[in-house]
There are 2 protein chains.
Amino acid sequence: MKRLFLAALTGLTLAGPSLAQPTGDLGLIVERASGSLLVVDQSDRARIGRITGLGDLSHASLVYSPDERFAYVFGRDGGLTKVDILEQSVVNRVMQAGNSIGGAISDDGRFVAVSNYEPGGVRIFDADTLDMVADIPTGSKTIGLVDIPGTKFVFSLWDEGETWIADMSGETPGITRIPGMGSNPYDALVTGDGRTYIAGLFGDDHLTALDLWQPQPEPKPILDGYAKGREGLPVYKMPHLEGWAQAGGEFVLPAVGQHEVLWVDARSLTETGRTETYGQPVFAMSRPDGRHVWVNFAHPLNDTIQVIDSVTKQVVHEFKPGPGVLHMEFTPRGREVWLSVRDAGKVMVYDTQTFEKLSEIDAESPSGIFFTARAHRTGM
Amino acid sequence: MKRLFLAALTGLTLAGPSLAQPTGDLGLIVERASGSLLVVDQSDRARIGRITGLGDLSHASLVYSPDERFAYVFGRDGGLTKVDILEQSVVNRVMQAGNSIGGAISDDGRFVAVSNYEPGGVRIFDADTLDMVADIPTGSKTIGLVDIPGTKFVFSLWDEGETWIADMSGETPGITRIPGMGSNPYDALVTGDGRTYIAGLFGDDHLTALDLWQPQPEPKPILDGYAKGREGLPVYKMPHLEGWAQAGGEFVLPAVGQHEVLWVDARSLTETGRTETYGQPVFAMSRPDGRHVWVNFAHPLNDTIQVIDSVTKQVVHEFKPGPGVLHMEFTPRGREVWLSVRDAGKVMVYDTQTFEKLSEIDAESPSGIFFTARAHRTGM
């Protein structure tokens, strides 16, 4: 109330946060060079503020509280920062590890989990206070951390080739270990229903899937030998799987070290096709309705976007938004897409039906774009 | 600002709306007898206000603006009311017809469409001003109105057995007519990706599906003769299809005039099973992860809920929340479910993992429960 009180008395209009601000169409854009977050309004296609002091945000990601007010930002430097998008301020910040790589929030909003490289393992924090409530050492770098229903988290061990399920519904974490996932899982995805977990492997020429609805899930290799007989290109950037796409009953997965995306039947998990792409795909993301899949590419071809039709599996649109297209985020019902064009210092907004550019927003080396609608989804 | 200004000067704390109120975890509950809406906070499991003066709210439904601030309420009396859940007030209200039955909001948030019985047809309004921007007479009662991507609405004609697609992306509505849907479509659903539209029929012993990704969708009868050889029971209440469930690759549909739900393969649209239920199902709703389906029933058996496992298709839980269980709404990631128990004057909140009752909230003859997360979904 304090700021309001003064403002009202002095008759000043308030800078920064507004008084009656809904949060359903807000978002945060990671400004990696300056360690800040741009607060954006989706409906107005505008920046409405900036939150600073978040440390090293290279490769940073974040999740939202269920009310779409708070974001938990996972910095590469091991910092876990809680920000308030209404007040546009840092609420709390802890250095929870030396080097971390993403996190998740439980389905009840009570716990935030962080996946660490140095030291390895997963640490789990109270979402209100950021007090650590569980420390799960793994003796390995951990990757592919996601939330699933029932106050559970799933993650994989780079060194051990295992996937672990941590059940936080009881007093102490219950751990289920699933060995035999394959060599060096580097990232993973979970489907929107929290049922199918797919790990990408750096050391094997396949991916591995788990049916998390089974009491004791069994690793199932999929797309075995997808690069067989072809020389792998030098990998400029590992593709991201959290930017997975499910389109009309199929998954679309970026191939490692190849210029193609792979189509997989979402039910049988068998290959249904491949689409040759302009470069090494980094993100292959489905428009929320699944009809189109948008793909960006690794350096030096990261100035281009291709749009693939999920029925014909053909590229239906290609364009060059600018240098360093790092990330994309669709509005919740898919009508618009926002693209981070790092080296242009801009975020660009496009109509996904007409491909027309609708707006440009200045940003400092923008990377990840995260809309608050993620608060309502599983496995984000 | 006015109210704030006074409040600050006089040092009063504000009644009703708070200053920094995120909207991601709010909801509205229809109080049919009193023509009011209860404003609720999902995270606190609490009522935080009431909005009055909405006319006849029997069989009322609503949709949300993309920012999760405004709701558009479709009253049975033909009233279209825009309410502000932050200010907890009615913003605008128009009597747009004599008798209406639900509506939808376009994917870009610009248009609100209402489906009318008297006169028939669909009317489309500017979401900001509620000015009518299109009047689409059909010479028939219209039902099953949904939004799909591309600023389009889909609805069906009770008398004509047709489905129409209205494209609002241009200056004037473009109408696609699809005849041959069957006799007396009474309700319809669209899948979350906006691709498959399924109409329930009162005059035929099957349902009819459309693939909206086809340029000219062809009606496809499904579940033909699902009640053949069995005497239909008197129908106490038509089942709702908008409370459809997609669970692990299958749809679950309430059968008309039978004590069962029908399972349909979401891809082939063939029947995959039936589950006998306690009464005539009204809503069969999937927990967001699809593992469980919750079913309520028509009078006189409307005091009971059954929970069905989508893998085994067996009832795994049954309980009696109280008299007149009219509606249910899951929290976005499915951890809790809210139930309207009309004749107990209560909304009850349950944990969907443990089935434990977490809270009760007093309400005046509560019926529909609508959480703001619906703003981010297609076909709601």
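Whatever comes next refers back to the structure up there.
These numbers were taken from a predicted model, which means no experiment stands behind them.

A look at the overall build of chain A
Thinking step 1. Along chain A, the regular secondary structure elements total 1 helix and 32 strands.
Thinking step 2. Taking 21 Å as the expected radius of gyration for a compact globule of 380 residues, we find that chain A reaches 20 Å, a close match to that expectation.
Thinking step 3. Structurally, chain A occupies a C-alpha span of about 75 × 50 × 30 Å along its principal axes.
Thinking step 4. When the 380 residues of chain A are sorted by exposure, 61% land in the buried category.
Thinking step 5. Expressed as a percentage of contacts within chain A between residues at least 6 apart in sequence, the contacts between residues at least 24 apart total 41%.

Side note on the interface of chain B and chain A
How big an interface is tends to be stated in terms of accessible area lost as the parts join.
Thinking step 1. At the interface, 50 residues of chain B touch 50 residues of chain A.
Thinking step 2. Of the roughly 4,200 Å² buried between chain B and chain A on both sides combined, carbon and sulfur atoms contribute 55%.
Thinking step 3. Among the residues of chain B in contact with chain A, W213, R333 and H376 of chain B are the three that bury the most area, contributing 21% of the side total.
Thinking step 4. Where chain B packs against chain A, one counts 8 salt bridges.
Thinking step 5. Residue R335 of chain A pairs with D107 of chain B through a salt bridge whose shortest N-O separation is 3.2 Å.
Thinking step 6. Counting across the interface, chain B meets chain A through 24 residue pairs in polar contact (both at pLDDT 80 or more).
Thinking step 7. Residue contributions to the side of chain B that touches chain A peak at 4 residues, all from helix 1 (residues 2-10) of chain B.
Thinking step 8. Considered class by class, the residues forming the side of chain B that touches chain A number 18 nonpolar, 15 polar and 17 charged.

Re the sheet that holds strand 26 (residues 305-309) of chain A
Residues and elements named next belong to chain A.
Thinking step 1. Spatially, 24-25-26-27 is the arrangement adopted by the 4 strands of the open sheet, whose pairing is antiparallel. At either margin of the open sheet sits one strand with a lone partner, and together these are strand 24 (281-286) and strand 27 (315-319). Within this sheet the neighbouring strands show an average axis-to-axis angle of 20°, counted without direction.
Thinking step 2. In the sheet, strand 24 pairs with strand 25 (residues 292-297) via 4 bridges, with the strands oriented antiparallel. Looking at strand 25, one finds that A284 is bridged to V295.

Some remarks on the packing of aromatic side chains
Thinking step 1. Applying the stated rule across the entire model yields 16 aromatic pairs over all chains.
Thinking step 2. With 6.0 Å between their ring centres and 50° between their planes, W294 of chain A and F355 of chain A make a pair best called tilted. Here the residue W294 of chain A occupies a position in strand 25, and F355 of chain A occupies one in the loop between strand 30 (346-351) and strand 31 (357-362), the gap between them amounting to 61 residues.
Thinking step 3. Aromatic rings pair up to connect W294, F319, F330, Y350 and F355 of chain A into one cluster.
Thinking step 4. The ring of F70 of chain A is capped by K82 of chain A, whose NZ or CZ atom sits 4.6 Å from the centre of that ring.
Thinking step 5. Seen from the ring of W263 of chain B, K313 of chain B lies directly overhead, with NZ or CZ sitting 5.1 Å from the centre.

Observations concerning the relation of the copies chain B and chain A
Both copies of the chain are related by a screw-like operation: a rotation about an axis and a shift along it.
Thinking step 1. Each copy superposes on the other: chain B lies on chain A with an RMSD of 0.0 Å after a rotation of 180° and an axial shift of 0.0 Å. Expressed as an axis order, the relation between the two copies is that of a two-fold axis.

Points about the pairing of strand 22 (residues 260-265) of chain B
All names here are of chain B.
Thinking step 1. Across the 6 residues that make up strand 22, a large majority, 6, are buried.
Thinking step 2. In this antiparallel pair of consecutive strands, strand 21 (residues 250-254) and strand 22, the connection spans 5 residues, and G257 shows a positive phi of 65°.
Thinking step 3. Here 5 bridges tie strand 22 to strand 23 (residues 271-276), and the two strands are oriented antiparallel to one another. Pairing of L262 across the sheet is with R274, part of strand 23.

Concerning the sheet that holds strand 1 (residues 26-31) of chain B
Residue and element names in this part refer to chain B.
Thinking step 1. A sheet is described by the order of its strands in space; here 4 strands give the open sequence 3-2-1-32, paired in antiparallel fashion. At either margin of the open sheet sits one strand with a lone partner, and together these are strand 3 (46-51) and strand 32 (366-371). Adjacent strand axes in the sheet meet at a mean angle of 25°, parallel and antiparallel pairs treated alike.

Considering unusual backbone geometry
Thinking step 1. Going from E118 of chain A to P119 of chain A, the amide bond is cis rather than trans, its omega being -5°.
Thinking step 2. Relative to the helices and strands, P119 of chain A resides in the loop between strand 9 (111-118) and strand 10 (121-126).
Thinking step 3. Residue P300 of chain A follows H299 of chain A across a cis peptide bond; omega there is 5°.
Thinking step 4. By the element assignment, P300 of chain A lies in the loop between strand 25 and strand 26.
Thinking step 5. The phi dihedral of T151 of chain B is positive, around 55°, even though this residue is not glycine.
Thinking step 6. With respect to the helices and strands, T151 of chain B occurs in the loop between strand 12 (142-148) and strand 13 (152-157).
Thinking step 7. Residue classification places T151 of chain B among the buried residues on the basis of a relative accessible area of 0%.
Thinking step 8. The backbone of L223 of chain B shows a phi angle near 55°, a positive value even though the residue is not glycine.
Thinking step 9. Mapped onto the fold, L223 of chain B is located in the loop between strand 19 (220-222) and strand 20 (245-247).

A look at the pairing of strand 3 (residues 46-51) of chain A
Residues and elements named next belong to chain A.
Thinking step 1. Both strand 2 (residues 36-41) and strand 3 contribute to a ladder of 5 bridges, which runs antiparallel. Note that in strand 3 the partner of V39 across the bridge is G49.
Thinking step 2. Counted between consecutive antiparallel strands, the loop separating strand 2 from strand 3 contains 4 residues, among which R45 sits at a positive phi close to 50°.

Topic: the environment of D265 of chain B
Thinking step 1. Tracing the chain through its elements places D265 of chain B in strand 22.
Thinking step 2. The spatial distance from the C-alpha of D265 of chain B to the C-alpha of P119 of chain B is 37 Å, given a sequence separation of 146 residues.
Thinking step 3. With residues up to four places along the chain from it excluded, the contact list for D265 of chain B reads R267 of chain A together with G249, E250, T270 and T272 of chain B.
Thinking step 4. Only 2.8 Å separates the side chain of D265 of chain B from the backbone nitrogen of S268 of chain B, close enough to count as a polar contact.

Cut-offs applied
Residues numbered from 1 in each chain as written. Chains lettered and ligands numbered in written order. Predicted model: local features only at pLDDT ≥ 70, side-chain atom pairs only at ≥ 80, totals over all residues. Heavy atoms only, no water. Helix = DSSP H or I, 4+ residues; strand = E, 2+ residues; numbered from the N terminus. Rg over C-alpha atoms; globule rule 2.2 N^0.38 Å. Buried < 20%, exposed > 50% of the residue type's maximum accessible area, 1.4 Å probe, protein only. Contact = heavy atoms within 4.5 Å. Buried area = accessible area lost by both parts, 1.4 Å probe. Salt bridge = Lys/Arg side-chain N within 4 Å of Asp/Glu carboxyl O. Polar contact = N/O pair within 3.5 Å; in protein donor to acceptor, adjacent residues only side chain to side chain. Nonpolar A, V, L, I, M, F, W, Y, C, P; charged D, E, K, R; others polar. Pairing = 2+ DSSP bridges. Axes fitted to C-alpha atoms, helices over the stretch in contact; angles between N-to-C directions. Phe/Tyr/Trp six-rings, centres within 6.5 Å; stacked < 30°, edge-to-face > 60°. Lys NZ or Arg CZ within 6 Å of the ring centre and 35° of its normal. Least-squares fit on C-alpha atoms with pLDDT ≥ 70 in both.

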